[in-house]
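Letter by letter, the chains look like this.
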Amino acid sequence: MMGLGMMGLGRTVSALILSGALLCSAPSRADPRADEAPWLPVSQVMSELARNPEFVEALYRRLGRNPKAGGILGPDEIKRLREMILGKDFEGLDRFPGLTVQGMGRSVRLAGATLGRSSDDDLPPEPATVEQAAKEKVETAVEEGLGIPAAGTPPAPDAYLRPLGFGLEAGDRVDPALAERYADGLRLAELLNRLSLNAPDGGERYRVVLDGQTDGQTSDTPRALVEALAQSGHDVEVRDSRYFANFGDLIYHGRDVLTPFWIDTRLPVPGTDRNLLVPVSHSQHELIVRGPVVNADLSFYFGIDGQAVFRPSVTRDQAWVMGRVAHRYRGEEAMEVIRLAGVIVRAYDAIKRRHPELPFGGYYALGVCNDVNAMIELRMRGETTLFPLTLDPQFFTDTGEVGRLAESLPLDSGWRAAADPRRILGSLPVDDLAALPLPSLREDLEKVRAAWEGGRLPRPGVRDIALVGAVMAGLLAAGLWSVRLWLVRRRR
């Protein structure tokens, strides 16, 4: 899986530019120290690398150079990251940046404001995306065959890796099993995305015909195509899956590096003076097709690349991101998920055409990876168990079904939003907290869950709300005092 949710297909120099503390990456060779832990904390990696003056100089040159390549960190976070490295506060990097959802939105806005002043000269060109290919071809192709089995050579094991120097690599390692099915997956994703762009009310339409179909039996929607595959002997399953978002995707001397993006839930941890910090979760709906013709693995989510699309799966996750299937859909339920995903593809395409000014392809303003999957879960289950959700409903007012779902989501981006323990726990990529790879996180979550289930958890964000109330009261008092002085002076 490439990306986050916040991860993304053909990810740009993605989410934590030498940040959270480094660049992005994944392993490309066998671990020479297989008897040791399979991953390293960022603090350990940084404490070693910071001894090298050349690395520190290179890091400072890159930080803040390009917000899009920097995990959409705002200037405040870049400044704090510099201070932590300069002050050798390496342990602090293990919980970086620790923003609230509201703070994350502010960082995105500030990063977007500086995007036009950033240079991309030293960044590799971005590959053509599945979404772009769909748009380019939908106007020229009216009807064509399935085109599967598809021609193409499986990606090389290091196709998505980039050496960074200093013992670091960035990117993703290819999964050999997924690579064998990648050509078919790429073709199927392209077809589904192109079909999604068909107007719902008729007009000229793009159509796909399966071999053996008679005249008139063509597919002009994603659901119709997947139904045709099922009717021709293919097994179809859709999985609602959750992971920890890997914004760093970094490997150091053959070992994975933990680079989660920590977020402050504003939920107090019982028995402490701290709020609960959790790694941001990534969610996606995965389409698995097996049969006599098509064998493909796809994922669907809205990524940091600004695309809400079907994507071919080809890379291997780092072990620390874990993985859990929250819901499985087959038969009619699977077809309904595919239908709604296609509607979402079209809605997001329309919104982005109306609002080309949105930075990062609308990421955060139109949601993060979780929002589109929360819409599907809400439609299929009557509720959603995903956190955080950040979309702004004002952009969805003219999108019909998608707009109604967006309006019904329990959003977390407003300053008054109360964190929901149920959704925070529901977003975790494990069924059992004991399986979490971070002991301190496990302990905090166990305390919060026990207090929540026992009805003893304090109101979310109560300290923050109290502080805001105190500030507002102070401003009001100051304003009243100023008015009193003004009246006194007028009388004189």
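Up top is the structure these notes are about.
Please read all numbers here as calculations on a predicted model, not as lab measurements.

About the criteria used
Residues numbered from 1 in each chain as written. Predicted model: local features only at pLDDT ≥ 70, side-chain atom pairs only at ≥ 80, totals over all residues. Heavy atoms only, no water. Helix = DSSP H or I, 4+ residues; strand = E, 2+ residues; numbered from the N terminus. Polar contact = N/O pair within 3.5 Å; in protein donor to acceptor, adjacent residues only side chain to side chain. Expected span 1.5 Å × (residues − 1). Buried < 20%, exposed > 50% of the residue type's maximum accessible area, 1.4 Å probe, protein only. Pairing = 2+ DSSP bridges. Salt bridge = Lys/Arg side-chain N within 4 Å of Asp/Glu carboxyl O. Axes fitted to C-alpha atoms, helices over the stretch in contact; angles between N-to-C directions. Parallel < 35°, antiparallel > 145°, perpendicular 65-115°, else oblique. Contact = heavy atoms within 4.5 Å. Nonpolar A, V, L, I, M, F, W, Y, C, P; charged D, E, K, R; others polar. Phe/Tyr/Trp six-rings, centres within 6.5 Å; stacked < 30°, edge-to-face > 60°. Lys NZ or Arg CZ within 6 Å of the ring centre and 35° of its normal.

Chemist: Pulling in residues and values, what's your account of the side chain of Glu237?
Modeler: Residue position: Glu237 is located in strand β7 (residues 235-244). Of note is the side chain of Glu237, whose polar atom sits 2.9 Å from the side chain of Arg239.

Chemist: Please give an account of unusual backbone geometry that cites residues and values.
Modeler: The linkage connecting Ile148 with the following residue, Pro149, adopts the cis geometry, with an omega of 5°. Of note in the backbone geometry, His253 takes a positive phi value of approximately 50° without being a glycine. Structurally, His253 can be placed in the loop between β8 (250-252) and β9 (255-258). For Tyr364, which is not glycine, the phi torsion reads 85° and is therefore positive. Positionally, Tyr364 belongs in the loop between α9 (331-354) and α10 (369-381).

Chemist: Can you break down helix α7 (residues 182-196) residue by residue, with the values?
Modeler: Taking 1.5 Å of rise per residue, 15 residues should cover 21 Å, and α7 covers 21 Å from first to last C-alpha, within 8% of that figure. Buried residues dominate α7, accounting for 14 of its 15 residues.

Chemist: Describe in detail the pairing of β7, supporting the description with residues and values.
Modeler: Side chains on a regular strand alternate between the two faces of the sheet. The element β7 is extensively covered by neighbouring structure, given that eight of its ten residues are classed as buried. Pairing analysis gives ten bridges linking β7 to strand β12 (residues 281-290), with the strands arranged antiparallel. Directly across from Ser241, in β12, lies its bridge partner Gln284. With five bridges connecting them, β7 and strand β16 (residues 324-329) associate as antiparallel partners. Of the residues in β16, the one forming a bridge with Asp240 is His327.

Chemist: Please provide a residue-by-residue account of the pattern of salt bridges, values included.
Modeler: Within this structure, the stated rule accounts for 28 salt bridges. Asp297 is paired through a salt bridge with Arg181; the nearest N and O atoms lie 2.6 Å apart. Linking Asp297 in strand β13 (residues 296-302) with Arg181 in the loop between α6 (176-180) and α7, this pair joins segments that are 116 residues apart in sequence. We classify Asp297 as buried; its relative accessible area is 9%. Bridged by salt links that share partners, the residues Arg223, Glu227, Glu332, Glu336, Arg339, Arg379 and Glu401 form one connected network.

Chemist: Report on the packing of α9 against helix α11 (residues 401-408), specifying residues and quantitative values.
Modeler: Running from N to C, α9 and α11 point in directions that differ by 95°, and their axes come no closer than 9 Å. As summarised for this structure, α9 and α11 are arranged roughly perpendicular, according to the angle between their axes. Two secondary-structure elements touch here, α9 through Arg339, Leu340, Val343, Ile344 and Ala347 and α11 through Glu401, Val402 and Leu405. Residue composition of the contact of α9 with α11, by class: six nonpolar, no polar and two charged.

Chemist: Got a sec to walk through the environment of Asp235? Specific residues and values, please.
Modeler: Within the fold, Asp235 resides in strand β7. The class for Asp235 is partly exposed, based on a relative accessible area of 36%. In this structure, the C-alpha to C-alpha distance between Asp235 and Arg290, residues 55 residues apart in sequence, is 5.2 Å. With near-sequence residues (within four places) excluded, Asp235 lies in contact with Ile288, Val289, Arg290 and Arg330.

Chemist: Run through the packing of aromatic side chains, naming residues and quoting values.
Modeler: All chains considered together, the criterion is met by five aromatic pairs. Measuring from ring centre to ring centre gives 5.0 Å for Phe302 and Tyr348, while their planes differ by 55°; the resulting arrangement is tilted. Taken together, the positions of Phe302 in strand β13 and Tyr348 in helix α9 put the pair 46 residues apart, joining distant regions of the chain. Given a relative accessible area of 1%, Tyr348 falls into the buried group. One aromatic cluster is present, formed by Phe302, Tyr348, Tyr363 and Phe396 through successive ring pairs. Between the NZ or CZ atom of Arg311 and the centre of the ring of Tyr301, over which it lies, the distance is 4.2 Å.

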